[in-house]
Amino acid sequence: MIRVRDARKSFGKNEVLRGVSLDVKKGEVVVILGPSGSGKTTLLRCINFLENADDGELTIGDLSVRFKHATKREILSVRRRTAMVFQNYNLFNNKNALENVMEGLVTARGIPVSEARETAKRELDKVGLSDKYEAWPSQLSGGQQQRVAIARAVSLNPEVILFDEPTSALDPELVGEVLAVMRDVAREGITMVVVTHEMSFASDIADHVVFMDGGVIVEEGTPREIFTRPKEQRTRQFLDRILLKYDYAI
Amino acid sequence: MGKLFDIALVFEYMPAIFSRVSVTLLIVSVSVVGGTLLGFLLAAVRLYRMPLLNGAAVFYISFVRGTPVIIQMFIVYYALPILLSQVDININRWNKLYFVLISYALNNAAFMAEIIRSAIASVPVGQTEAAHSVGLSGFQALRRIVLPQAFCTAFPAFGTRVVGALQDTSLAFTLGILDMLGQAQAIGVRTYHVLEGYVAVALFFIAASLLLEKGFAWAGKKLLPNAG
Ligand SMILES: Nc1ncnc2c1ncn2[C@@H]1O[C@H](COP(=O)(O)OP(=O)(O)OP(=O)(O)O)[C@@H](O)[C@H]1O
Ligand SMILES: [Mg+2]
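This is a predicted model, so every value here is computed, not measured. (Residues numbered from 1 in each chain as written. Chains lettered and ligands numbered in written order. Predicted model: local features only at pLDDT ≥ 70, side-chain atom pairs only at ≥ 80, totals over all residues. Heavy atoms only, no water.)

Let us look at the interface of chain B and chain A. Each partner contributes to the interface: chain B provides 18 residues, whereas chain A provides 24 residues. Taking both partners together, chain B and chain A bury about 1800 Å²; carbon and sulfur atoms supply 54% of that area. At the boundary of chain B with chain A, the tally comes to two salt bridges. Of the charged contacts, one joins R144 of chain B and E103 of chain A as a salt bridge, the two residues approaching to 2.7 Å between their closest N and O atoms. Taken together, the connections running from chain B to chain A amount to ten residue pairs in polar contact (both at pLDDT 80 or more). Top contributing element to the side of chain B that touches chain A by residue count: helix α6 (residues 125-133) of chain B, with seven residues. A per-class count over the side of chain B that touches chain A returns six nonpolar, ten polar and two charged. (Contact = heavy atoms within 4.5 Å. Buried area = accessible area lost by both parts, 1.4 Å probe. Salt bridge = Lys/Arg side-chain N within 4 Å of Asp/Glu carboxyl O. Polar contact = N/O pair within 3.5 Å; in protein donor to acceptor, adjacent residues only side chain to side chain. Helix = DSSP H or I, 4+ residues; strand = E, 2+ residues; numbered from the N terminus. Nonpolar A, V, L, I, M, F, W, Y, C, P; charged D, E, K, R; others polar.)

Rendered as structure tokens:
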């Protein structure tokens, strides 16, 4: 279970998060929607302390921390309960696919190498990369890199995986393979918070949809509620725009 | 006096001149090893923007890179004894070679610091963030992810600097160090055949530089098969 209470974050004078509260139940898939600059990435980055929020509280499972007063130790334990999938994959360039998945298991978790290797192989198999164990990131397509990144996140068995626009950097023909892997992950019952513009993914997979704008959550609900009868004007405008742009039918 | 230039003498002088190669190699080794260690410290000061020290490091690096090494050597040779005499340390009887080693190490530190700093800075911040996201501590991220990648970036520039350091050693003779160039000069004074000795030294530098360059290129391929 993840709970964010009243998260606030400014960059200089720019108030990016103005008190965001979010509840994610175990096994739930939450999709965050919102226009560019609304603070979606910042929210995810605050949840695993890649960004230090100015105020607010975070609970992950039995661990509660105040954003402002988190110690190094607490930050590390938050990070060991979360995993992140980045827009630009961010695979370790000095490691092959297998080593990318093993790194967190061995170095952060202290799992023996042989055991970590088996886990890593299993996770790579699950994302359809059983023939790419030894491949360097530069030898993989964007879709393959992102699938390695998802395997890397899943292998850590975190309480939540944060996805920040995992398909936005991909060529259109590679989006499908990554979304398919994400559907599998969701089906396994792994808790996910996903920032995405993929509306069909959101409406199929999400248990809960959150619409952010201007650093606050404007509206949230089930996919059905948000997509078919949004209450707020801003939500409606955003959906109209995005559905037009991406030419989706839901 | 005979011919102005006698090619046979080049080879005749070679054994005497090359017998001093150890001095040259000593200067190169100390300046590269010492310079790299100091360079790491300077790079850390710059990267972590340590207050006060950062400004000093910036000044030091631009001073060293902006002035000829021979001037730095003279400064160390003449100023260091005065400076240390203030704290009652007398180094006037030191072997001149020590001054040379110190100057070259200090000189290389500035170059190495920039090579190290820019290599580390060139590793995308996303690499560190990904490392943190899988639970690595700051130190683990540096050791496991950032430094190995920075090493790949720095390696060619490092090789170039080692070759540069080798050629810089040729100024040591101005303090009266009897390295290869000093020896060539001594022979020249004795025999009035100046040119032949210098040609022998030049041949050494060409060969050694080529060897180093090829060596670094080869090692680069061996060490960094997946670079890029
Ligand atoms: N490191 C930073 N320094 C300064 N400003 C930042 C930083 N990161 C984000 N911002 C600002 O914070 C605001 C929100 O950014 P954020 O990346 O969270 O938006 P987003 O909802 O993820 O947008 P997008 O859909 O474009 O990814 C933007 O105005 C951005 O310019
Ligand atoms: Mg974003």
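And the narrative resumes.
Let us look at the layout of surface pockets. All names here are of chain B. Considered as a void within the structure, the largest pocket measures approximately 630 Å³ in volume. Every residue lining the largest pocket is counted, 23 residues in all, and those nearest its centre are L47, Y48, I120, L142 and V146. Elements represented by at least two residues in the lining of the largest pocket include exactly α2 (21-47), α5 (96-121), α6 and α7 (138-168). The element contributing the most residues to the lining of the largest pocket is α7, with six residues. By residue class, the composition of the lining of the largest pocket is 18 nonpolar, three polar and two charged. In this structure, the second largest pocket spans a volume of roughly 270 Å³. With six residues, the single largest contributor to the lining of the second largest pocket is helix α4 (residues 69-85). Among the residues forming the lining of the second largest pocket, the class breakdown is ten nonpolar, three polar and no charged. (1 Å grid on protein atoms, 1.4 Å probe; cavity = no way out; pocket = protein on both sides within 12 Å on 5 of 7 lines; lining within 4 Å. Points joined across faces, edges and corners; volume = space filled by probe spheres on them.)

Another point: the environment of I190 of chain A. Residue and element names in this part refer to chain A. Locating I190 in the fold gives a position in the loop between α6 (172-187) and β8 (192-195). With relative accessibility at 15%, the residue I190 sits in the buried group. Contacts of I190, omitting those with residues within four sequence positions, involve G27, E28, V154, I161 and V185. (Buried < 20%, exposed > 50% of the residue type's maximum accessible area, 1.4 Å probe, protein only.)

Structurally, E103 of chain A is set in helix α3 (residues 97-108). Sequence-wise, E103 of chain A and V113 of chain A are ten residues apart; in three dimensions their C-alpha atoms are separated by 9.4 Å. Residues in contact with E103 of chain A, not counting those within four places in the same chain, are F92, K95 and A108 of chain A together with L136, R144 and I145 of chain B. Reaching out from E103 of chain A, the side chain makes a polar contact with the side chain of T107 of chain A at a distance of 2.7 Å.

Residue placement: N90 of chain A occurs in the loop between β6 (82-85) and α3. Among the residues examined, N90 of chain A registers a relative accessible area of 13% and is labelled buried. Side-chain polar atoms of N90 of chain A contact the backbone oxygen of G126 of chain B, separated by 3.4 Å. With residues up to four places along the chain from it excluded, the contact list for N90 of chain A reads R152 of chain A together with G126, Q127 and A130 of chain B.

Residues and elements named next belong to chain A. One open sheet accounts for four strands, arranged β2-β1-β4-β5; its pairing is antiparallel. With one partner strand each, in any of the chains shown, β2 (14-24) and β5 (63-66) form the two edges of the open sheet. Ignoring strand direction, the axes of neighbouring strands in this sheet form an average angle of 15°. Note that strand β1 (residues 2-11) and strand β4 (residues 55-60) share five bridges and pair antiparallel. (Pairing = 2+ DSSP bridges. Axes fitted to C-alpha atoms, helices over the stretch in contact; angles between N-to-C directions.)

Residues and elements named next belong to chain A. For ligand 1, the full set of nearby residues is F11, N14, V16, P35, S36, G37, S38, G39, K40, T41, T42 and E165. At 2.6 Å, a side-chain N or O of S36 approaches an oxygen atom of ligand 1. With respect to ligand 1, the side chain of E165 contributes an N or O atom lying 3.3 Å from an oxygen atom. Against a free-state accessible area of 630 Å², the protein chains account for coverage of 60% of ligand 1. For the shell around ligand 1, the elements supplying multiple residues, two or more each, are β2 and α1 (40-47). Ranked by residues supplied to the shell around ligand 1, first place goes to α1 with three residues. (Near = heavy atom within 4 Å. Areas by Shrake-Rupley, 256 points an atom, 1.4 Å probe, with all protein chains shown as cover.)

This part covers the domain arrangement of chain B. The domain architecture assigned to chain B consists of domain 1 (1-20 + 178-228) and domain 2 (26-154). A straight line from the C-alpha centre of domain 1 of chain B to that of domain 2 of chain B covers 29 Å. (Domains from an automatic or database assignment.)

Residues and elements named next belong to chain B. Helix α9 (residues 194-223) packs onto α7 with a crossing angle of 170° between their chain directions and a minimal axis gap of 10 Å. Judged by the angle between their axes, α7 and α9 are roughly antiparallel. Packed against α7, whose contacting residues are F151, F155, F158, G159, V162, V163, L166 and Q167, the element α9 presents F204, F205, A208, S209, L212, E213, F216, A219, G220 and L223 at the interface. A class-by-class count of the residues in the contact of α7 with α9 yields 13 nonpolar, four polar and one charged. (Parallel < 35°, antiparallel > 145°, perpendicular 65-115°, else oblique.)

For any pair of aromatic rings, the description rests on two quantities: the centre-to-centre distance and the angle between the ring planes. Enumeration over the complete set of coordinates arrives at 13 aromatic pairs over all chains. Within the aromatic cluster, the residues linked to one another by ring pairs are F74, Y77, Y78, W94, Y98 and F99 of chain B. When the ring centre of F92 of chain A is taken as reference, the NZ or CZ atom of R152 of chain A above it lies at 4.6 Å. Sitting above the plane of the F111 of chain B ring, R161 of chain B keeps its charged end 4.1 Å from the centroid. (Phe/Tyr/Trp six-rings, centres within 6.5 Å; stacked < 30°, edge-to-face > 60°. Lys NZ or Arg CZ within 6 Å of the ring centre and 35° of its normal.)

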